[in-house]
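Here are the chains, one letter per residue:
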Amino acid sequence: MKKLDLLYEGKAKKVYKTDEEGILIVDYKDDATAFNGQKKGTIVGKGAINNRMTNHVLRLLEKEGVPTHLVEELSDRETAVKAVKIVPLEVIIRNVAAGSFSKKLGIEEGRKLLCPTLEFSYKDDDLGDPFINRYYALALGLATEEEIDTITRYAFKVNEVMIRYFDSIGIELIDFKIEFGRLEDGTIILADEISPDTCRLWDKETREKLDKDRFRRDLGNVEDAYAEVFKRLGIE
Ligand code: UDP
């Protein structure tokens, strides 16, 4: 497969066209941003860790019946994926209160929720990805009712599989964000990354943060935290 022109450059990834119909190449960068791009930095080694971790988790999810965009890992930082039209919704699942949830509702970080929650944000950087519900998504034509049902079902399934998996490597899955895309024929599949950039991952015993909050909140040892998660995946 040949890597052709750059199609799009985002905050953490570049996406290239290829000579194969319906296949793109994602190239993960070490660049880190937070607070809607206001805070910028570099997390050395992040690109490779996020690429390889995403693929590892997506393979696991495929085995459990969640269709994903993964085609083939090409190198440390590059992966061939199925081209999709991204559904402009960030889907956030929470098991434990943290981040914006804690702030908005005045609930201390770390409190276990009685059941997992699901929320949507409208993917729009200029608006700062505002919180919306399924009625907004329907009214704005962001997705159909059937698509929202499928996305919801997959998102909770992803949560179940990931809670179990991370627990087995000593990590508590606090919350995460995923995105979905549509293939040409309209099939909904899981797209984008699953990494310490997009999940809150705490050590199960110490509850030490092993994710991007170390960068967002200047907690130090950012690279070490990413490396620790990667080590526990046992894929080297
Ligand atoms: N998240 C993400 N991208 C975003 C916003 C959130 O990957 O643009 C992830 C974040 O890493 C966390 C979860 O979604 O795992 C919930 O984030 P939250 O709403 O608490 O927002 P934050 O406190 O990070 O602003």
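Before reading further, recall that the structure is shown in the block above.
Residues numbered from 1 in each chain as written. Predicted model: local features only at pLDDT ≥ 70, side-chain atom pairs only at ≥ 80, totals over all residues. Heavy atoms only, no water.

Overview of the pairing of strand β12 (residues 171–182)
Along a regular strand, successive side chains alternate from one face of the sheet to the other.
Now for step 1: Summarising burial for β12: eleven of the twelve residues are buried, a large majority.
Now for step 2: For strand β8 (residues 85–86) and β12, the ladder comprises two bridges, and the chain directions are antiparallel. Residue I86 lies in a different strand from β12, and its bridge partner there is G181.
Now for step 3: One ladder, built from four bridges, connects strand β9 (residues 89–96) with β12; its direction is antiparallel. Within the sheet, the bridge partner assigned to V91 lies in β12 and is I178. (Buried < 20%, exposed > 50% of the residue type's maximum accessible area, 1.4 Å probe, protein only. Helix = DSSP H or I, 4+ residues; strand = E, 2+ residues; numbered from the N terminus. Pairing = 2+ DSSP bridges.)

Remarks on the site of the ligand
Now for step 1: In the vicinity of the ligand lie 15 residues, with R94, S100, D175, R200 and R216 positioned nearest.
Now for step 2: Note that an oxygen atom of the ligand is positioned 3.3 Å from one of the side-chain N or O atoms of E90.
Now for step 3: Protein coverage of the free-state accessible area of the ligand, which is 510 Å², stands at 77%.
Now for step 4: Looking at the shell around the ligand, the elements with two or more residues in it are β9, α2 (99–105), β12 and β14 (199–203). (Near = heavy atom within 4 Å. Polar contact = N/O pair within 3.5 Å; in protein donor to acceptor, adjacent residues only side chain to side chain. Areas by Shrake-Rupley, 256 points an atom, 1.4 Å probe, with all protein chains shown as cover.)

Details of the packing of aromatic side chains
Now for step 1: Under the definition given, this model contains two aromatic pairs.
Now for step 2: Between Y154 and F180, the ring centres sit 6.3 Å apart and the planes meet at 20 degrees, which makes this aromatic pair stacked. You can see Y154 sitting in helix α4 (residues 145–168) and its partner F180 sitting in strand β12, a full 26 residues away along the chain.
Now for step 3: Look at F180 and you get buried, because its relative accessible area is 1%. (Phe/Tyr/Trp six-rings, centres within 6.5 Å; stacked < 30°, edge-to-face > 60°.)

Examining helix α6 (residues 222–233)
Now for step 1: Here α6 spans 17 Å end to end across twelve residues, near enough to the 16 Å set by a 1.5 Å rise per residue.
Now for step 2: Of all the positions in α6, only V222, A225, Y226, V229, F230 and L233 are classed as buried. In an axial view of α6, the angular spread of the buried residues amounts to 135 degrees, which keeps them on one side of the axis. In this structure, α6 carries D224 and K231 as exposed residues pointing more than 90 degrees from its buried face.
Now for step 3: On the buried face of α6, the contacting elements are α1 (46–63), α4, β12, β14 and α5 (213–216).
Now for step 4: Just beyond α6, the residue with positive phi is G234, at close to 65 degrees. (Expected span 1.5 Å × (residues − 1). Arc of directions from axis to C-beta. Contact = heavy atoms within 4.5 Å.)

What to know about the sheet that holds strand β3 (residues 23–28)
Now for step 1: A sheet is described by the order of its strands in space; here five strands give the open sequence β1-β2-β3-β7-β6, paired in antiparallel fashion. Unpaired on one side and paired on the other, β1 (3–9) and β6 (70–73) mark the two borders of the sheet. Averaged over neighbouring strand pairs, the angle between their axes works out to 30 degrees when direction is ignored.
Now for step 2: Here strand β2 (residues 13–18) pairs with β3 via five bridges, running antiparallel. Counterpart to K17 in the pairing with β3 is L24.
Now for step 3: Contacts from α1 reach β3, β6 and β7 (78–82), with the element oriented near 130 degrees to β6. (Axes fitted to C-alpha atoms, helices over the stretch in contact; angles between N-to-C directions.)

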